[in-house]
Amino acid sequence: MKIIKKYRFFMFTVLVLAAVILLNRQLGMKALGIVGFSFKEMMTVIPPIFILLGLLDMWVPKETMVRYMGESSGWLGVVLAILLGSAAAGPLYGAFPIAAVFMKKGVRFTNVLIFIGAWSTTKIPMFLFEMASLGTSFALTRLAIDVPGIILIAHLLNFFASKEELDEIYKKAESL
């Protein structure tokens, strides 16, 4: 019964897809093709991320992460979070397992949020593409707006989150 509860959303989605296939075969097969494409894309992205996570978890001591990105890391932690997020490759859903490992290693919540924001907004390949396609002034202007915005939003979210909420988030990250 526990397994049914755990996978109820997945089972509901499969039933809806089956119903769509029965009611409108063309639309259902198109939806099934999109599901297959998304699954294939995730299977090419997720395994390397988990390998890197395992290496990060084993090779980088918690003390090192706390020193460079923990509560007392200051601007160094912010800069590292931006650089790590900007240099990352892959879709945004790849950032969340890494963020969980960061939390397990004692990274400050604000820096975790900055890392996720940088991953989603300031990727180096995207920046280079923008420079080539839209011009250097556009790319630099967007970056000059995005980086302070990410930092501000991360600090605001951290400010408005209660200690209990943060403790619960870190506890969930520990259990992963």
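For the structure, check the block above.
**What about the packing of aromatic side chains?**
Step number 1: Counted by the stated rule, this structure contains 4 aromatic pairs.
Step number 2: Considering the side-chain rings of Phe115 and Trp119, the 5.6 Å spacing of their centres and the 75° angle between planes classify their relative orientation as edge-to-face. Within this pair, Phe115 and its partner Trp119 are both found in helix 7 (residues 109-121), separated by 4 residues, close to a single helical turn.
Step number 3: Joined through ring pairs, the aromatic side chains of Phe102, Phe115 and Trp119 make up one cluster.

**Notes on helix 5 (residues 74-87)**
Step number 1: For helix 5, built from 14 residues, the straight-helix expectation of 20 Å at 1.5 Å per residue is met to within 8% by its first-to-last C-alpha distance of 21 Å.
Step number 2: Buried within helix 5 are the following residues: Gly77, Val78, Ala81, Ile82, Gly85 and Ser86. Along the axis of helix 5, the buried residues cluster in a sector spanning 160°; they form a single face. Exposed residues pointing more than 90 degrees away from the buried face of helix 5 are listed as Leu83 and Ala87.

**Focus on the side chain of Thr110**
Step number 1: Looking at the secondary structure, you find Thr110 in helix 7.
Step number 2: Excluding its chain neighbours within four sequence positions, the residues that come into contact with Thr110 are Ala154, His155 and Asn158.

**Description of the nonpolar core**
Step number 1: With 31 residues, the main nonpolar core has Ile98, Phe102, Val112, Ile114 and Phe115 as its most contacted residues.
Step number 2: Those elements that place two or more of their residues in this core are helix 3 (25-59), helix 4 (62-69), helix 5, helix 6 (95-104), helix 7, helix 9 (136-160) and helix 10 (163-175).
Step number 3: Other than its neighbours up to four places away in sequence, Val112 contacts Ala99, Phe102, Met103 and Val107.

**Looking at a nonpolar patch on the surface**
Step number 1: Together, Met1, Ile3, Ile4, Tyr7, Phe10, Met11 and Val14 give the surface a local cluster of nonpolar side chains, amounting to about 770 Å² of exposed area.
Step number 2: Of all the secondary-structure elements, those providing two or more residues to the nonpolar patch are helix 1 (2-6) and helix 2 (8-23).
Step number 3: Under the relative-accessibility criterion, Ile4 is labelled partly exposed at 45%.

**So, the environment of Ile82**
Step number 1: When you line up the elements, Ile82 lands in helix 5.
Step number 2: Through-space distance from the C-alpha of Ile82 to that of Leu113 is 9.8 Å; in sequence the pair is 31 residues apart.
Step number 3: Setting aside chain neighbours within four positions, we find Ile82 in contact with Ile114, Ala118, Val147 and Ile151.

Thresholds, definitions, all that
- Residues numbered from 1 in each chain as written.
- Predicted model: local features only at pLDDT ≥ 70, side-chain atom pairs only at ≥ 80, totals over all residues.
- Heavy atoms only, no water.
- Phe/Tyr/Trp six-rings, centres within 6.5 Å; stacked < 30°, edge-to-face > 60°.
- Helix = DSSP H or I, 4+ residues; strand = E, 2+ residues; numbered from the N terminus.
- Expected span 1.5 Å × (residues − 1).
- Buried < 20%, exposed > 50% of the residue type's maximum accessible area, 1.4 Å probe, protein only.
- Arc of directions from axis to C-beta.
- Contact = heavy atoms within 4.5 Å.
- Core = buried A, V, L, I, M, F, W, Y, C linked by side-chain atoms within 4.5 Å.
- Patch = residues over 30% accessible without salt bridge, like charges linked within 9 Å, V, L, I, M, F, W, Y side chains within 5 Å.
- Areas by Shrake-Rupley, 256 points an atom, 1.4 Å probe, with all protein chains shown as cover.
- Salt bridge = Lys/Arg side-chain N within 4 Å of Asp/Glu carboxyl O.

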